[in-house]
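# Structural features, examined
Residues per chain are reported as follows:
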Amino acid sequence: MPTSPSDVPRYDLAVIGAGPAGLAAAVTAADLGLRCALLDAGRQTGGQYYRHPAPGLGAARPDRLHHGWSAYTGLADRLAAHERAGRVGFLGGHQVWALERTGDGYAVHVTLGPEAADRATVPAAAVLLATGAYERQLPFPGWTLPGVVTAGGAQAMLKAGLVLPGRRIVVAGSGPLLLAAASSLVTAGAEVPAVVEATAYLGYARRPGVLAAVPAKLVEGAGHGSALLRHRVRLRLRSAVVEAHGTDRVTAVTVARLDADWRPVPGTERRIDCDALAVGHGLLPQIELATELGAATRTGPDGAVALQVDARMLTTVPGLWSAGETNGVGGADLAIAEGELAAHAVADRAPRPALVRRRARLRAFAELMAAAHRPGPGWTGWLRPDTDVCRCEEVPVARIREAVEELGAGDPRTVKLLTRAGMGWCQGRMCGPAVAWLAGSGEPGPDRRPFACPVPLSQLAAEQRAAAEG
Amino acid sequence: MRRTPAELVGAEPGPAHHIDFDGRPVPALPGQSIAAALWADGVLAWRTTRVGGRPRGVFCGIGACFDCLATVNGRPNQRTCLLPAEPGTTVTTQEGHGRADLAI
């Protein structure tokens, strides 16, 4: 295994993340003659969207858990051909913890395997970030109970491990992922008594032209809708799970109606028995590898911070490109289009005009979707003083309010220093949006994480030694 | 009778093996993560928190939240949603930071 830049030949392009954007970028770049490394923390390609069972599970029909599975198999076949020809190296189990600019490109610093047992550095002339997104969470009483999982997590465990967290699963939060998750869960045998969505889906109606320009999105939505109808899943709009009940695991949830600002309406609560809850409030771009290098960001209509890119998918950092969710969450089709566009730009080739137009249509739809599912300010109405906001450090609402109201903290960083909220294992990925909101700082800034994942001290020391000897 | 995820995808897995969870055998299929094997056995929690001693298990399922930590083969703080359930893997419910052996 290569351990220092001198051990391995330099790649023309290192693509980080083997989901839709990264796969499309790597195979397109290889088509155009570039030598690419495709890195992913997972052992298989596909990312979160095309996550699928390991070969040992012998799944004959993985497509039954997926929308657009043939797009993945097409990309995977092209990747395999490029790998055989030596044009792309897929480096699975490679978790990138930092990007370093070097004299002639980048050093991609990697920790290997889920136990971070070893390290590597991959040298490349250019880097394309396709690191996707993770789910935005808003805390509520009982959200730390076992059996309360993220909507994407329920899907990931189902797609990869063929398991469910329970038999009767409420799906709640906001955003299109909820319909996709509910549809997979019922198809796989779970009972879903309700999908609880905070918005009224009216946001989509405000710009009908944008929606009409992407008919595939309507078909996809209708597909989830018909699966839900077939299984008699009730869609409760303008509602939220305001509490999960149980002692050692979730046994029921309370659902309440929300007003237009997402404030729970008193007197509308009703209890739904369940043995699991899958919850999420949209997705957040995973961009710290770029922001650590000073890449400029923008705040999208959903309030999420994404990378700022030009029409070629170039960030404000030379040689650092970005495609897919890192540019603002928009789904797999958009990610594939942006991956292809970025690959053309890195190879200095003009893309087909149809690809440019397709990306523009899908990006416009993504912005509409983002605006439609933006959390309303009233969500804090379902919090209680003892509700944990930071799951890692177990910091309740009352301590954060004390830091803000009595100790004068006005931003998430000061709240963190006073309360430890966001200082734990997940580095604020779960509580970040809620802490920013409670700190009253309005829009959150880009997260600063010098290390994108935990790195053993021994590997940092080895990095120093390699640099000193280099 | 509702169908199962394995039936949905027509899974014909290799032979099942066992992992050890708190001293008892839990079945696992080749390719499943530790967390998936525990879910399949109806187990949702395998850690207690450092402050409140509250039970935790999988939350994000993709390695981002670190809620699913457990002691695996004697090493504390391992993300069970990422680690494969290999034959003979020993998983122990982790109490707090999992370093009680270092207490003074």
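Quick summary incoming for the structure in this document. In every chain, residue numbers begin from 1 and rise along the written sequence. To read the labels, note that chains go from A and ligands from 1, taken in the order they are written. Side-chain atom pairs in this predicted model are given and counted only at pLDDT of 80 or more, local residue features only at pLDDT of at least 70, and totals for whole chains, interfaces and linings cover all residues. The basis for the side-chain values is all heavy atoms of the structure; hydrogens and waters are excluded.

Our focus in this paragraph is the sheet that holds strand E8 (residues 94–95) of chain B. Residue and element names in this part refer to chain B. Sheet architecture is open: three strands sit in the order E4-E3-E8, paired in mixed fashion. Two strands lie at the open edges of the sheet, namely strand E4 (55–56) and E8, each paired on one side alone. A pair of strands is considered paired only if DSSP assigns at least 2 bridges between the two. Secondary structure elements follow DSSP: runs of H or I of four or more residues count as helices, runs of E of two or more count as strands, with numbering from the N terminus. Across two bridges, strand E3 (residues 47–48) lies against E8 in parallel orientation. Looking at E8, one finds that Thr-48 is bridged to Glu-95.

As a further point, take the pattern of salt bridges. Salt bridge, as applied in this entry: a Lys or Arg side-chain nitrogen positioned within 4 Å of an Asp or Glu carboxyl oxygen. Across all of its chains, the model carries 19 salt bridges over all chains by this definition. A salt bridge links Arg391(A) to Asp67(B); the nearest nitrogen and oxygen atoms lie 2.5 Å apart. Of this pair, Arg391(A) sits in the loop between strand E20 (388–390) and strand E21 (395–396) while Asp67(B) sits in the loop between E4 and strand E5 (69–72), which puts the two residues in different chains. Judged on exposure class, the residue Arg391(A) and its partner Asp67(B) are both buried. Throughout, exposure labels follow a simple rule: accessible area from a 1.4 Å probe, protein chains only, divided by the maximum for the residue type, with under 20% read as buried, over 50% as exposed, and the rest as partly exposed.

Paired rings are identified among Phe, Tyr and Trp, the last through its six-membered ring, by centres lying within 6.5 Å, and are further divided according to the angle between planes into stacked (under 30 degrees), edge-to-face (over 60) and tilted (the rest). What the rule picks out here adds up to seven aromatic pairs over all chains. Taking the centre distance of 5.0 Å and the plane angle of 80 degrees together, the rings of Tyr49(A) and Tyr50(A) count as edge-to-face. Taking the relative accessible area as the measure of exposure, Tyr50(A) reaches 1% and is therefore buried. Aromatic pair Trp379(A) and Trp382(A): ring centres 6.1 Å apart, planes at 55 degrees, arrangement tilted. Taking the relative accessible area as the measure of exposure, Trp382(A) reaches 5% and is therefore buried. Across from the ring centre of Phe59(B), 3.6 Å away, lies the NZ or CZ of Arg391(A), which sits over that ring. In this analysis the charged atom, NZ for Lys or CZ for Arg, is taken to sit over a ring once it is within 6 Å of the ring centre and within 35 degrees of the ring normal.

A contact between two residues is defined here by any heavy atoms of the two lying within 4.5 Å. Contacts between chain A and chain B engage 55 residues on the former and 50 residues on the latter. When chain A packs against chain B, close to 4,300 Å² is buried across both sides, 60% of that on carbon and sulfur atoms. Seen at the junction of chain A and chain B, the total is two salt bridges. Those elements that place two or more of their residues in the side of chain A that touches chain B are strand E8 (148–150) and helix H3 (151–161) of chain A. Accessible-area loss on putting two parts together, using a 1.4 Å probe and summing over both, is the definition of buried area adopted here.

What follows concerns the side chain of Ser174(A). Residues and elements named next belong to chain A. Mapped onto the elements, Ser-174 comes out in strand E9 (residues 169–174). A polar side-chain atom of Ser-174 sits 2.6 Å from a polar atom in the side chain of Glu-197. With residues near it in sequence (within four places) discarded, Ser-174 still touches Glu-197, Ala-198, Thr-199, Trp-262, Gly-280, His-281, Gly-282 and His-373. Any pair of N or O atoms that falls within 3.5 Å is considered a polar contact. Within protein, one atom must be able to donate a hydrogen and the other to accept it, and sequence-neighbouring residues count only if both atoms are side-chain atoms.

Turning to the sheet that holds strand E2 (residues 24–28) of chain B, a few remarks are in order. Residue and element names in this part refer to chain B. Here five strands make up an open sheet; going across it, the order is E2-E1-E7-E5-E6 and the pairing mixed. A single partner strand is all that each edge strand has here, and the edge strands are E2 and strand E6 (75–79). For this sheet, the mean angle separating the axes of adjacent strands, direction not counted, is 40 degrees. Strand direction decides the pairing type here: strand E1 (residues 17–21) and E2, joined by five bridges, are antiparallel. Bridge pairing links His-18 to Pro-27 in E2. Axis definition: a line fit to C-alpha positions, over the contact stretch in the case of helices; interaxial angles, taken between N-to-C directions, run 0 to 180 degrees.

A few words on helix H1 (residues 20–31) of chain A. Residues and elements named next belong to chain A. A helix is expected to reach a length of 1.5 Å times the quantity of its residues less one. An ideal rise of 1.5 Å per residue puts 16 Å on 12 residues; H1 measures up with 16 Å between its terminal C-alpha atoms. Across the 12 residues that make up H1, a large majority, 11, are buried. If you check which residues of H1 are buried, you get Pro-20, Ala-21, Gly-22, Leu-23, Ala-24, Ala-25, Ala-26, Val-27, Thr-28, Ala-29 and Ala-30. The elements touched by buried residues of H1 are strand E1 (11–16), strand E2 (36–39), helix H2 (69–84), strand E3 (88–91), strand E6 (118–129) and helix H8 (332–346). Gly-33 occupies a position one or two residues after H1 and carries a positive phi of about 100 degrees.

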